[in-house]
Number of protein chains: 2
Amino acid sequence: MDLIRRIEAGQGGFLVFALTPPRLATERDEAQDIADATIARLLPLDLDGLILYDIDDEADRNAAERPFPFMPTLDPGDYLANHLAAWPSPVIVYRAVSKYAPAELRSWFSAQDPGQVMTVLVGAPSRATAGRTSLADAQALRRDTNPALSLGGVAIPERHARREDEHLRLLAKQEAGCRFFVTQVVYDINAAKNLVSDYHYECQTRGVKPVPFVFTFSVCGSMKTLEFLRWLGVGVPRWIENDLAHAADPLEASYGQALTTATELMTYCRTLGVPFGINVESVSIRRVEIEASVRLAAQLRAHLR
Amino acid sequence: MDLIRRIEAGQGGFLVFALTPPRLATERDEAQDIADATIARLLPLDLDGLILYDIDDEADRNAAERPFPFMPTLDPGDYLANHLAAWPSPVIVYRAVSKYAPAELRSWFSAQDPGQVMTVLVGAPSRATAGRTSLADAQALRRDTNPALSLGGVAIPERHARREDEHLRLLAKQEAGCRFFVTQVVYDINAAKNLVSDYHYECQTRGVKPVPFVFTFSVCGSMKTLEFLRWLGVGVPRWIENDLAHAADPLEASYGQALTTATELMTYCRTLGVPFGINVESVSIRRVEIEASVRLAAQLRAHLR
């Protein structure tokens, strides 16, 4: 069964890989070369789908200085349409809705083939951001314009650790049409388990069928990347930071940590009966980190079967 | 090698079991029956040693009402001397030092055979407690009275989560003569890993050899026991609480959680190269919980080899 039908049926067991589109300044030919190289690298993984992120500046999110400068990227919808025609499985396109006017979103929604594309709508990075469209309005636009287009939402275990209501937000998103949730990168296994657990038992109480969680994992090959993950709001336990800081090969250490966290979370979700998929993200653009991400995805594929 | 020599050599790989002495009001014959039954139950585990706790009221620790009423127990030193002569391996006797006058501690220290007994000295449960002897004074008394008597200290991962200096306290205790550290019950794996990690890298920085950590695990068969663990300051993640609250068989659920946490922590310590032992504690006096603790110890013994 393909990814879209599987998600619509509330089933997990799938593997996706997340990409950030090339920088906005990339020439068309070069963008095609990047897309071709990416497809060649990912095809052997037999992925159930791709995720394309929609990068926002998020300067409002955090007063601290961004460890890497913000680089605008190609629009993920355009990148898909113009460069990824050869990609064989469904693609989940993120939309940072506050960047767009309602008319832009409407026109993009209506142009999508619901048999090939899904979308994850992401609200403004902070309450202070005005935003051109709210998450609720974007959800309504999708429903009105292209109700067959599968909708997903983001799940933030770290927000649950602070506010203890993320499971209720997820259920509200589910009522607004979400059929799956994608987490940010998971480094803190307890934060992820706490969220899944509260979501699971709240579904049980309400008699609602849980939708698939898509857990995101990445490797982190340097303290700079780690610092960036923290800036993005990812909770990284101290022992993970220590091990990376002292490892002869931080990338291999990170690979081992991600594998352990992922397999333990998978075991936990199986025990609970919560459907889940796995997303592997390449946070950095360093070649060795990309290759380690691909290796991680291949290994996690084996654990999904 | 027996437990005492192993610890003095800085080596881990051992299994101990922790007991609370019978209630103070217990008749002498009845106390002997309890001791005999305990020995019979524990002998097949081939334990490297026993731990005898010294229970304090700890009313100062927490303003909240104690979930179980405080029951004074027999003195662990007396219980050992009067009832556990048949026990074949070394015994670690806790001393809640603030309960005793210096002269009482001195006389107990001097009476111990350093080939059979070790001691863990525990300071006052809160700063507000006046206490008859301070931890530093008790450490000095042990050194002056019976320097061959092996000394251990307590390690509190939850305190590290709040103050981030527990690894420095451990190193100070090590300088005061401690040759091992026993944790309180571990439910939050990240808190334990964070402490071990900070301790390990601080030892590395100082060129100090790490001493064995003894990680304590228990099973928890009811929400009341869980509440008591929290009252004692044990950090229990939300997902563990949820699973116990909803499990058809909470004791089995807790058993599985403890096994998973213990094996993962063991793997982690092996990766770091920190020596460790395992302590299984029976928190409750319910027969099924005691039996599950014994089963847990037997299973963890297999993972130590």
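## A word on the packing of aromatic side chains
Residue and element names in this part refer to chain A. Applying the stated criterion across every chain, the model contains 16 aromatic pairs over all chains. Both rings, one in Y53 and one in Y94, keep their centres 5.0 Å apart while their planes meet at 90 degrees; by these two values the pair is edge-to-face. Separated by 41 residues along the polypeptide, Y53 in the loop between β2 (49-52) and α3 (76-83) and Y94 in strand β3 (residues 91-96) bring together distant segments of the chain. For the pair Y199 and F213, a centre-to-centre distance of 5.3 Å together with 65 degrees between the ring planes defines the contact as edge-to-face. A residue pair is termed long-range when its members are at least 10 positions apart, and Y199 in helix α8 (residues 189-206) and F213 in strand β7 (residues 213-217) qualify at 14 residues. Both residues of the pair, Y199 and F213, count as buried. An aromatic cluster is built from F181, Y199, F213 and F215, whose rings are joined through pairwise contacts.

## A short note on the packing of helix α10 (residues 238-246) of chain A against helix α11 (residues 250-272) of chain A
All names here are of chain A. Taken N-terminus to C-terminus, the directions of α10 and α11 make an angle of 150 degrees; their axes are 8 Å apart at the nearest point. Here α10 lies roughly antiparallel to α11, going by the angle between them. Judged by residue contacts, W239, I240, D243 and L244 of α10 engage P250, A253, S254 and Q257 from α11.

## Observations concerning the sheet that holds strand β4 (residues 117-122) of chain B
Residues and elements named next belong to chain B. One closed barrel accounts for eight strands, arranged β1-β2-β3-β4-β5-β6-β7-β8; its pairing is parallel. Taking the axes of each pair of neighbouring strands and ignoring which way they run, one obtains an average angle of 25 degrees across the sheet. Both strand β7 (residues 213-217) and strand β8 (residues 276-281) contribute to a ladder of five bridges, which runs parallel. Bridge pairing in β8 places F215 opposite I278.

Thresholds, definitions, all that
Residues numbered from 1 in each chain as written. Chains lettered and ligands numbered in written order. Predicted model: local features only at pLDDT ≥ 70, side-chain atom pairs only at ≥ 80, totals over all residues. Heavy atoms only, no water. Phe/Tyr/Trp six-rings, centres within 6.5 Å; stacked < 30°, edge-to-face > 60°. Helix = DSSP H or I, 4+ residues; strand = E, 2+ residues; numbered from the N terminus. Buried < 20%, exposed > 50% of the residue type's maximum accessible area, 1.4 Å probe, protein only. Axes fitted to C-alpha atoms, helices over the stretch in contact; angles between N-to-C directions. Parallel < 35°, antiparallel > 145°, perpendicular 65-115°, else oblique. Contact = heavy atoms within 4.5 Å. Pairing = 2+ DSSP bridges.

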